[in-house]
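# Descriptive analysis of the structure
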Amino acid sequence: MNKISERAYAKLNLSLDVTGTRPDGYHEMRMLMQSVDLCDEVKISLTHDGEIRVRTNLRYLPSDGRNIAWKAARAFFDGLGEEGKNLGAEISLKKRIPVCAGLGGGSSDGAAVLRALNRLLDAKLSPERLEELGGPLGSDVPFCVRGGTQLAEGRGDELKILPPLPDCGIVICKPPFSVSTPELFRHVDERRSHNHPDTDGMISAIGCGELRGVTQRLYNVFEDVPGRHRAAAAEIKSRMLDLGAMGTVMSGTGPSVFGVFEDMEQAGRAREALSRRWRDCFSARPAAPDTFS
Ligand code: C5P
């Protein structure tokens with residue numbers, strides 16, 4: 001086996017909370033994360049010239065050491081020590097997940113590269129070891145290694161696997177602009193107090209398989225920060241609720257917003273209606289990478 005392909009699933013934040021600052025300059029987070037089957041396709045073949053090459057279908061994405069897929073391959077080979085010294089890889093990324101959208105597209109590509117190289121080389125690194133290698137590449141990479149439904153704390157790398165979210169239909173809508181992550185954190189830091197999601201209530205609802213208990217509690221503290229994203233989120237959320245969404249929220253650092261629907265049929269209809277106003281609309285289902293199952 002010299003070439004394989006791996007799906008890199010998008011992630012959504014069912015809840016996102018900032019609970020403090022850390023001595024390393026990062027923030028303490030508490031997030032419920034969910035993978036969905038909107039995905040990038042990652043194809044990798046091994047070479048033995050020590051070079052890592054990345055190609056993507058989006059011309060504006062860097063294909064050198066700035067690309068997280070490139071960094072993930074480097075981290076994997078370096079993690080193998082002497083054995084990884086002359087190894088190289090050709091990586092092809094077919095991007096479908098919108099970029100800079102709060103959907104973890106780059107992090108998921110990085111995690112998919114780690115899983116794929118583990119399989120290609122039959123290296124048998126544990127998921128925990130892959131999460132450790134992925135941590136320095138981006139705060140969402142550790143979650144994306146196993147995906148599914150997880151609680152992420154600390155920098156995002158203290159993970160607890162939860163039971164899967166009950167099946168449902170999800171519509172994701174990405175407004176056509178990006179949000180500055182440092183600005184969001186700055187605003188949250190400057191506030192003396194802010195609302196917090198009921199993360200524990202959500203965890204209990206997930207444990208009981210009660211979708212409504214989850215959708216009633218969807219909450220992201222970044223959505224409260226004033227700015228263009230808040231106005232767009234309000235408009236999209238209101239439209240999604242009109243179309244029958246059980247609950248709606250902005251994902252991660254935005255600007256993408258998602259709505260949870262009872263099934264894919266409802267989600268499909270809502271996606272169609274929303275796409276008349278917003279170009280980047282997707283319907284999706286909860287998912288998890290199958291490599292470790
Ligand atoms: O790790 P990642 O590249 O996703 O983080 C982007 C930026 O978000 C970091 O440079 C940092 O400013 C901020 N961040 C943070 N605390 C976290 C995660 C990210 O302050 N837990």
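Okay, so let's go over this structure.

## Concerning the overall build of the chain
Scanning the chain from N- to C-terminus turns up nine helices and 11 strands. For 293 residues, the compact-globule formula gives about 19 Å, and the C-alpha radius of gyration of the chain, at 19 Å, lands near that figure. With the C-alpha coordinates aligned to their principal axes, the bounding extent of the chain is approximately 55 × 45 × 40 Å. Of all 293 residues assigned to the chain, the portion counted as buried reaches 55%. For the chain, the share of sequence-separated contacts (at least 6 apart) that also reach a separation of at least 24 residues comes to 75%. Per element, the accessible surface of the chain, about 13200 Å² overall, is 46% carbon and sulfur. Each charge class in the chain was averaged separately, 39 positive and 40 negative side chains, and the resulting centres sit 5 Å apart.

## Quick word on the pairing of strand β9 (residues 247-250)
Here β9 shows two buried faces, one formed by Gly247 and Val249 and the other by Thr248 and Met250. If you look at the hairpin formed by β9 and strand β10 (residues 257-261), you'll find six residues sitting between the two strands, and Gly252 has a positive phi there, around 50°.

## Structural notes on the packing of aromatic side chains
The full count for this structure, using the stated rule, is two aromatic pairs. Relative to Phe77, the ring of Phe76 has its centre 6.5 Å away and its plane inclined at 80°; by these criteria the two rings are edge-to-face. The class for Phe77 is buried, based on a relative accessible area of 1%. For the pair Phe185 and Phe222, a centre-to-centre distance of 5.0 Å together with 85° between the ring planes defines the contact as edge-to-face. One end of the pair, Phe185, is in helix α5 (residues 181-190); the other, Phe222, is in the loop between β8 (219-220) and α8 (228-242), and 37 residues separate them in sequence. In terms of burial, Phe185 and Phe222 fall into one category: buried. Above the plane of the ring of Tyr26 lies Arg155, whose end atom (NZ or CZ) is 4.3 Å from the centre. Lying over the aromatic face of Trp278, Arg277 brings its terminal NZ or CZ to 4.1 Å of the ring centre.

## Regarding the pattern of salt bridges
If charged atoms from side chains of opposite charge come close, those side chains can pair. Across all of its chains, the model carries 27 salt bridges by this definition. With a closest N to O distance of 3.0 Å, Asp122 and Lys124 form a salt bridge. Of the charged contacts, one joins Asp167 and Arg285 as a salt bridge, the two residues approaching to 2.4 Å between their closest N and O atoms. Of this pair, Asp167 sits in the loop between β6 (158-161) and β7 (169-174) while Arg285 sits in the segment after β11 (280-284); the two residues are 118 residues apart in sequence, bridging distant segments of the chain. According to the relative accessible area criterion, Arg285 is partly exposed, its value standing at 35%. Through salt bridges that share partners, Glu6, Arg115 and Arg119 make up one connected network.

## A few points about helix α1 (residues 68-79)
Taking 1.5 Å of rise per residue, 12 residues should cover 16 Å, and α1 covers 16 Å from first to last C-alpha, within 8% of that figure. Listing the buried residues of α1 in full gives Ile68, Ala69, Ala72, Ala73, Ala75, Phe76 and Phe77. Considering only its buried residues, α1 is in contact with β2 (27-47), β3 (52-56), β4 (88-94), α2 (105-120), α3 (127-134) and α4 (141-146). Looking at where α1 begins, the residue whose side-chain oxygen comes 2.8 Å from the main-chain nitrogen of Ala69 is Asn67.

## What about the site of the ligand?
Lining the immediate environment of the ligand, one finds Tyr26, His27, Met29, Gly138, Ser139, Arg155, Thr181 and Phe185. Within the contact set of the ligand, an oxygen atom lies 2.6 Å away from a side-chain nitrogen or oxygen of Ser139. At a separation of 3.3 Å, a nitrogen atom of the ligand approaches a polar backbone atom of Arg155. Computed on the free molecule, the ligand has an accessible area of 460 Å², of which 66% lies beneath the protein chains in the complex. If you list the elements that add at least two residues to the shell around the ligand, you get β2 and α5. For the shell around the ligand, a count of residues per class yields three nonpolar, four polar and one charged.

Calculation notes
- Residues numbered from 1 in each chain as written.
- Predicted model: local features only at pLDDT ≥ 70, side-chain atom pairs only at ≥ 80, totals over all residues.
- Heavy atoms only, no water.
- Helix = DSSP H or I, 4+ residues; strand = E, 2+ residues; numbered from the N terminus.
- Rg over C-alpha atoms; globule rule 2.2 N^0.38 Å.
- Buried < 20%, exposed > 50% of the residue type's maximum accessible area, 1.4 Å probe, protein only.
- Contact = heavy atoms within 4.5 Å.
- Areas by Shrake-Rupley, 256 points an atom, 1.4 Å probe, with all protein chains shown as cover.
- Lys, Arg positive; Asp, Glu negative; His and termini not counted.
- Charge placed at Lys NZ, Arg CZ, Asp CG, Glu CD.
- Pairing = 2+ DSSP bridges.
- Phe/Tyr/Trp six-rings, centres within 6.5 Å; stacked < 30°, edge-to-face > 60°.
- Lys NZ or Arg CZ within 6 Å of the ring centre and 35° of its normal.
- Salt bridge = Lys/Arg side-chain N within 4 Å of Asp/Glu carboxyl O.
- Expected span 1.5 Å × (residues − 1).
- Polar contact = N/O pair within 3.5 Å; in protein donor to acceptor, adjacent residues only side chain to side chain.
- Near = heavy atom within 4 Å.
- Nonpolar A, V, L, I, M, F, W, Y, C, P; charged D, E, K, R; others polar.

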